[in-house]
Amino acid sequence: MKPLGDQVTHLQLVQRMAGLTGVDLAAATANGALDQQGWSDIVTRCRGCQWARKCERWLDKAAIQEQEIAVAPSPCINRGTLATLKAQK
């Protein structure tokens with residue numbers, strides 16, 4: 001099993017992916033759609049994701065284009081969770 005990545009690095013990746021896909025994690029937390037365990041689960045899944053290095057490069061390229069992405073790319077382990085949170089806003 002692959003060791004989990006750095007918590008802060010993956011928290012930042014989650015926040016960046018959420019922002020680019022139009023998911024407001026703070027609002028999701030405020031309205032109860034995302035609780036403390038949910039936050040932990042999202043970051044932990046990201047920490048164990050095999051695509052994390054490529055994710056960072058993908059996020060950098062997407063940020064340069066300065067456009068919102070409708071949904072996280074298919075290799076993103078949190079794609080479904082982010083899509084659900086986006087639909088609940």
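Cut-offs applied
- Residues numbered from 1 in each chain as written.
- Predicted model: local features only at pLDDT ≥ 70, side-chain atom pairs only at ≥ 80, totals over all residues.
- Heavy atoms only, no water.
- Helix = DSSP H or I, 4+ residues; strand = E, 2+ residues; numbered from the N terminus.
- Rg over C-alpha atoms; globule rule 2.2 N^0.38 Å.
- Buried < 20%, exposed > 50% of the residue type's maximum accessible area, 1.4 Å probe, protein only.
- Contact = heavy atoms within 4.5 Å.
- Areas by Shrake-Rupley, 256 points an atom, 1.4 Å probe, with all protein chains shown as cover.
- Core = buried A, V, L, I, M, F, W, Y, C linked by side-chain atoms within 4.5 Å.
- Polar contact = N/O pair within 3.5 Å; in protein donor to acceptor, adjacent residues only side chain to side chain.

The secondary structure content of the chain amounts to 5 helices and 0 strands. Counting from the amino terminus, helix and strand elements in the chain follow one another as α-α-α-α-α. Since a compact globule built from 89 residues should have a radius of gyration of about 12 Å, the 12 Å found for the chain is in line with a globular shape. In terms of its C-alpha atoms, the chain occupies a principal-axis envelope of roughly 35 × 30 × 20 Å. A burial count over the chain gives 35% of its 89 residues as buried. Long-range contacts, defined here as pairs at least 24 residues apart, represent 78% of the contacts in the chain between residues at least 6 apart. Here the chain has roughly 5,600 Å² of accessible surface; of this, 53% comes from carbon and sulfur atoms.

Quick look at the nonpolar core now. Note that soluble globular proteins tend to have their nonpolar side chains buried in a common cluster. Residues Met17, Leu25, Leu82 and Leu85 are the most contacted members of the largest nonpolar core, which totals 23 residues. Going through the elements one at a time, α1 (7-20), α2 (25-30), α3 (36-47), α4 (52-65) and α5 (79-87) are the ones with two or more residues in this core. Residue contacts for Leu25: discarding those within four places in its chain leaves Val14, Gln15, Ala18, Leu34, Trp39, Leu82 and Leu85.

Our next topic: the side chain of Arg47. Mapped onto the elements, Arg47 comes out in helix α3. Of note is the side chain of Arg47, whose polar atom sits 2.5 Å from the backbone oxygen of Gly5. Not counting residues within four places of it along the chain, the set of residues in contact with Arg47 comprises Lys2, Pro3, Leu4, Gly5, Asp6, Gln7 and His10.

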